[in-house]
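What follows is the residue order along each chain.
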Amino acid sequence: MAPAAMTSARSLSDARPAPFWLEDPGKPEPLPALAGDERCDLLVVGGGYSGLWTALLAKERDPARDVVLIEGREAGWAASGRNGGFCAASLTHGLGNGLARWPDELTKLEELGGRNLDAIEEAVGRYRIDCDFERTGEIDVATEPHQLAELHEMHQEATRLGFTGLELLDADAMRAEVDSPTFLGGLWDRRGVAMLHPAKLAWGLRRACLELGVRIYENTPGLRLTPSGPGIVVRTPYGRVLAHRVALGTNVFPSLIRRVRAYTVPVYDYALMTEPLSAAQLASVGWKRRQGLGDSANQFHYFRITADNRILWGGYDAVYPFGGKVRAEMDHRPETYLKLASHFFRCFPQLEGLRFSHAWGGAIDTCTRFSAFFGTAHGGKVAYAAGFTGLGVGATRFGADVMLDLLSGERTERTELKMVRSKPLPFPPEPVAWAGIGLTKWAMARADANGGRRNLWLRTMDRFGLGFDS
C-alpha cells in the first residue's frame, strides 16, 4: 500500500461507524408509539426538521390548534441528525441555481431566505435551543483556476443584482482564514450561513413542540393515507389518526401521495469527523472565525469546525442506489471513507497523524432542480414539501410555512412564488434513472478534471433544467 493510502487507512482504524451528532449525551429518551385512534386538527407526518418546524409554526400561528406529529423512528434520527450542520439562508441551492431557474423573483427569494434564517436564529434563542448556533458564514473555496474565475463571475453577478455581504478572497486572504496549500481563493458569504449541531437543533425543536402542546408519537410510521368524510385518515402499525389537515414532511422516504414519488430520488452522502484538534494543530490551520467551507467542484467537499474543535469532512461521493430504495446497508461505505480521508490529508497535510473518531452516511432527497418543491392533494387537505437536496437545515422552515399557507388556502407572498407554484421534472423509471444518473456523475467528474468544461451531455441537461446533486 502506498504511503498516502497507509496514512488514510491508519486515520480510520478507530473510527466508530456511527453519526457523531447522534451520540451526544443530550439525546432525549424516545416517546411512546401510537396505539389506538387519535383525532386532531393537523397531523404532521415526519419528525425531521420539516415536520418539527411545521408542528411548531402551526402552534405559533394558532395556539388552540390541536396538532399531532408521528415519526417512523425517533425525531432527528435520519438526515436531520446526520448532516454537516450548515444552516443556509439560500432557498434555491445557491445563487447560481436560483438565477438560472427563477431570475425574475430571485431578489424576493433571497429576501425571504434571509428572513427565514433570521427567524431560525430568533427561535433558537426564544426556545433556549442549545445547538452551538454560530452565524459565521460560509466560504466557497477555489482549488482550481477555473473555479476561481467562476467565483469572480458570481461575485460580479451578485454585485450587479445588488446583493451585499459577499467578499472575494485572493489566495493569501483565503489562507489567512483557513490554511491549505490547495486553496487559491474564495467567496465568503459572511451572514448567509450559520453553523450548528444538527441533532441538537432537532431535539430542541422536538422539546419546543412538546412544550406548546404538540402530541408526538415516535416509532410510528405512517403507512397509508386515505380520505374520510371531511378529513383524512393516516393508518399506522397499531392505530390510525383522523385529521382535518395533513402535512407531509417525509422527504427522502416514500411519500404517502404516490404521484409525488417520481420527483425525488435518494442520494447517499458520507462524512468523517476527526478527534479534537490540539492547540498546535488548530494553530496550523487557523480557522479562528469558524466559517463553514465548501470547495467549488461538481464533486465537492463540505467541511467545518465543531464547538469542541473537531473537523467534519464530508461530501464528494453522491451514491444513488439502483431502484431508488432507502436501505440501512447503504449507511456505511468503507471505500468512500478511505477516499474522503485521503482527500482530507491532501487538503490539510499539516494535520498528518490526526485520526477520525466517527464515519457515517445517510440518505437525502434530491430533485432535478436541486431545491424544494411543494404541492397539495385531496382537495387541499394534504400538503407536502420535498426535494431540499442537502440544504434542508434552513430551508425546511420556509417549507413548513409554505405547507401551512397551502393548507389554510391563503394567498401569501410565499404561495405566489413561481418556485412554489411549479414542479421539477420527474426522474424517469428504472433502469433509465440509474443509467442517466451514472452518466451525469461521470460527466461531472470529467468536467472537474477538464477545467470545468461541460460536455454535450451536461450542456443538454442544463438546457432542459435537469441535474443530479447532493
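Residues numbered from 1 in each chain as written. Predicted model: local features only at pLDDT ≥ 70, side-chain atom pairs only at ≥ 80, totals over all residues. Heavy atoms only, no water.

Caption draft 1: Quick peek at the side chain of S80. Relative to the helices and strands, S80 is located in helix α3 (residues 79-82). Those residues within four positions of S80 in sequence are excluded, and the remaining contacts are G48, Y49, P198 and A199. (Helix = DSSP H or I, 4+ residues; strand = E, 2+ residues; numbered from the N terminus. Contact = heavy atoms within 4.5 Å.)

Caption draft 2: The arrangement of the pairing of strand β17 (residues 373-377) in detail. A large share of β17 lies buried, amounting to 4 of its 5 residues. In terms of strand pairing, β17 meets strand β18 (residues 382-386) through 5 bridges, oriented antiparallel. Bridging from a neighbouring strand, A377 pairs with V382 of β18. Connecting β17 to the antiparallel partner β18 that follows it, the hairpin turn spans 4 residues, and H378 within it adopts a positive phi of roughly 55 degrees. (Buried < 20%, exposed > 50% of the residue type's maximum accessible area, 1.4 Å probe, protein only. Pairing = 2+ DSSP bridges.)

Caption draft 3: Focus on a nonpolar patch on the surface. A cluster of nonpolar side chains, L439, W442 and W457, forms an exposed patch at the surface whose accessible area comes to about 290 Å². By relative accessible area, which is 32% here, W457 ends up partly exposed. (Patch = residues over 30% accessible without salt bridge, like charges linked within 9 Å, V, L, I, M, F, W, Y side chains within 5 Å. Areas by Shrake-Rupley, 256 points an atom, 1.4 Å probe, with all protein chains shown as cover. Salt bridge = Lys/Arg side-chain N within 4 Å of Asp/Glu carboxyl O.)

Caption draft 4: View of the layout of surface pockets. Empty space within the second largest pocket amounts to approximately 530 Å³. Surrounding the second largest pocket, 26 residues form its lining, R261, A262, T264, G323 and G324 being those nearest its centre. Listed by contribution, the elements that provide at least two residues to the lining of the second largest pocket are β12 (265-274) and β18. Broken down by element, the lining of the second largest pocket gets its largest block of residues, 3 residues, from β18. Split by residue class, the lining of the second largest pocket holds 17 nonpolar, 6 polar and 3 charged. (1 Å grid on protein atoms, 1.4 Å probe; cavity = no way out; pocket = protein on both sides within 12 Å on 5 of 7 lines; lining within 4 Å. Points joined across faces, edges and corners; volume = space filled by probe spheres on them. Nonpolar A, V, L, I, M, F, W, Y, C, P; charged D, E, K, R; others polar.)

Caption draft 5: How the structure looks around the side chain of T368. When you line up the elements, T368 lands in the loop between β16 (356-366) and β17. In this structure the side chain of T368 is engaged in a polar contact, spanning 2.7 Å, whose partner is the backbone oxygen of L425. (Polar contact = N/O pair within 3.5 Å; in protein donor to acceptor, adjacent residues only side chain to side chain.)

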